[in-house]
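Each chain is listed here by its residues.
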Amino acid sequence: SQQGEEDPQALSIQEGENATMNCSYKTSINNLQWYRQNSGRGLVHLILIRSNEREKHSGRLRVTLDTSKKSSSLLITASRAADTASYFCATDLTGANSKLTFGKGITLSVRP
Amino acid sequence: DVKVTQSSRYLVKRTGEKVFLECVQDMDHENMFWYRQDPGLGLRLIYFSYDVKMKEKGDIPEGYSVSREKKERFSLILESASTNQTSMYLCASSGVGQSNFYEQYFGPGTRLTVT
């Protein structure tokens, strides 16, 4: 199965609400990354959290990492219609030497 | 800003044709990757390359080959296209960033249809 698995598969919220997306993984990692993909386009890197970090912020994004539970969460605060996209977590496995393993993605819909 | 370009946004080919997908990056990145993306399956790694003339198989290399003759260019080749290779193909590159971790930069994708 996939190394990184996101939850939920799909999320629909109202503009202004917060969106929380989760990712679980199975083996030891160097870091975990979140990417966004707008419909039919390439992925864009959002944020990276190292294995020795617990929380990181970037603008309206907050990511947490719990290595004991092998899980991460991405929080988007005060969501906007423009946040509608698919979100992927990707794990940089220990010893993988730059190769990332992506999850299947979460589809976020933000209703205006 | 890093720019990764792919030769075509949309491509339609016939079964049995040889297909070339080209990817070029302008940031002198060592690493380049080819993925395919299918609904419900996420991104799956086909091949990657750490350096010129070097290649490594990913998770689903069957039916594909690659070429990296120059550092900035990574080509994906479908030797004899089949309908089950209809997919979105994404190229990415990465180098050692400021944090010494590898963030990947993606091209816009090529949607290939094999009829």
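Scroll up for the structure.
Below you will find a few notes about this structure. (Residues numbered from 1 in each chain as written. Chains lettered and ligands numbered in written order. Predicted model: local features only at pLDDT ≥ 70, side-chain atom pairs only at ≥ 80, totals over all residues. Heavy atoms only, no water.)

1. With respect to the interface of chain B and chain A
Phase 1 of the analysis: Between chain B and chain A, the residue contacts involve 23 residues of the former and 23 residues of the latter.
Phase 2 of the analysis: Summing both sides of the interface, chain B and chain A together bury roughly 1900 Å²; the carbon and sulfur share of this comes to 55%.
Phase 3 of the analysis: The interface formed by chain B and chain A contains 0 salt bridges.
Phase 4 of the analysis: Scanning the region where chain B abuts chain A turns up 4 residue pairs in polar contact (both at pLDDT 80 or more).
Phase 5 of the analysis: Those elements that place two or more of their residues in the side of chain B that touches chain A are β4 (31-38), β5 (42-49) and β9 (87-94) of chain B. (Contact = heavy atoms within 4.5 Å. Buried area = accessible area lost by both parts, 1.4 Å probe. Salt bridge = Lys/Arg side-chain N within 4 Å of Asp/Glu carboxyl O. Polar contact = N/O pair within 3.5 Å; in protein donor to acceptor, adjacent residues only side chain to side chain. Helix = DSSP H or I, 4+ residues; strand = E, 2+ residues; numbered from the N terminus.)

2. Quick notes on unusual backbone geometry
Phase 1 of the analysis: With omega at -5 degrees, the peptide bond leading from Asp-7 of chain A into Pro-8 of chain A counts as cis.
Phase 2 of the analysis: Within the element layout of this structure, Pro-8 of chain A appears in the loop between β1 (5-7) and β2 (10-14).
Phase 3 of the analysis: A positive phi angle, close to 50 degrees, is found at Lys-70 of chain A, a residue other than glycine.
Phase 4 of the analysis: Residue position: Lys-70 of chain A is located in the loop between β7 (61-66) and β8 (71-76).
Phase 5 of the analysis: Phi is positive for Asp-28 of chain B, which is not a glycine, with a value near 60 degrees.

3. Re the pairing of strand β7 (residues 64-70) of chain B
Phase 1 of the analysis: As judged from the 5 bridges shared by β7 of chain B and strand β8 (residues 73-78) of chain B, these two strands associate in the antiparallel manner. For Lys-70 of chain B, the partnering residue across the bridge sits in β8 of chain B and is Arg-73 of chain B. (Pairing = 2+ DSSP bridges.)

4. Describing the state of the cysteines
Structurally, a disulfide amounts to a covalent bond that connects the sulfur atoms of two cysteines.
Residues and elements named next belong to chain A.
Phase 1 of the analysis: Under the defined criterion, the tally for this structure stands at 2 disulfides over all chains.
Phase 2 of the analysis: Each sulfur of the disulfide joining Cys-23 and Cys-89 lies 2.0 Å from the other. Disulfide Cys-23 to Cys-89: torsion about the S-S bond roughly 60 degrees, handedness right-handed. Of the two residues, Cys-23 sits in strand β3 (residues 19-24) while Cys-89 sits in strand β9 (residues 85-93), which places them 66 residues apart along the sequence. (Disulfide = S-S within 2.5 Å.)

5. Thoughts on the layout of surface pockets
Phase 1 of the analysis: Taken as a whole, the largest pocket encloses approximately 600 Å³ of empty space.
Phase 2 of the analysis: Among the elements of the structure, β1, β9 and β11 (106-111) of chain A together with β4 and β9 of chain B are those that each provide at least two residues to the lining of the largest pocket.
Phase 3 of the analysis: Looking at the lining of the largest pocket, the element that brings in the most residues is β11 of chain A, giving 4 residues.
Phase 4 of the analysis: Roughly 240 Å³ of internal volume is contained in the second largest pocket.
Phase 5 of the analysis: Around the second largest pocket, the lining comprises 13 residues; the ones closest to its centre are Gly-42, Leu-43 and Val-44 of chain A together with Phe-106 and Gly-107 of chain B.
Phase 6 of the analysis: Going through the elements one at a time, β5 (43-50) of chain A together with β10 (105-106) of chain B are the ones with two or more residues in the lining of the second largest pocket. (1 Å grid on protein atoms, 1.4 Å probe; cavity = no way out; pocket = protein on both sides within 12 Å on 5 of 7 lines; lining within 4 Å. Points joined across faces, edges and corners; volume = space filled by probe spheres on them.)

6. Quick look at the sheet that holds β8 of chain B
Residue and element names in this part refer to chain B.
Phase 1 of the analysis: The strand order β1-β3-β8-β7 describes an open sheet built from 4 strands, whose pairing is antiparallel. Of all strands in the sheet, those bounded by a partner on one side alone are β1 (4-6) and β7. Within the sheet, the average angular offset between the axes of one strand and its neighbour, ignoring direction, is 20 degrees. (Axes fitted to C-alpha atoms, helices over the stretch in contact; angles between N-to-C directions.)

7. Points about the pattern of salt bridges
Close approach of charged atoms allows side chains with opposite charge to pair.
All names here are of chain B.
Phase 1 of the analysis: As enumerated under the stated definition, the model contains 9 salt bridges over all chains in all.
Phase 2 of the analysis: Here Lys-18 and Glu-79 are joined by a salt bridge, their closest N and O atoms 3.6 Å apart. Placement of Lys-18 in the loop between β2 (10-13) and β3 (19-25) and of Glu-79 in the loop between β8 and β9 is noted, with a sequence separation of 61 residues between them.
Phase 3 of the analysis: Given the relative accessible area of 45%, Lys-18 is considered partly exposed.
Phase 4 of the analysis: Within the structure, one salt-bridge network assembled from shared partners comprises Arg-36, Asp-38 and Arg-44. (Buried < 20%, exposed > 50% of the residue type's maximum accessible area, 1.4 Å probe, protein only.)

The values reported here are purely geometric and, on their own, carry no functional implication.
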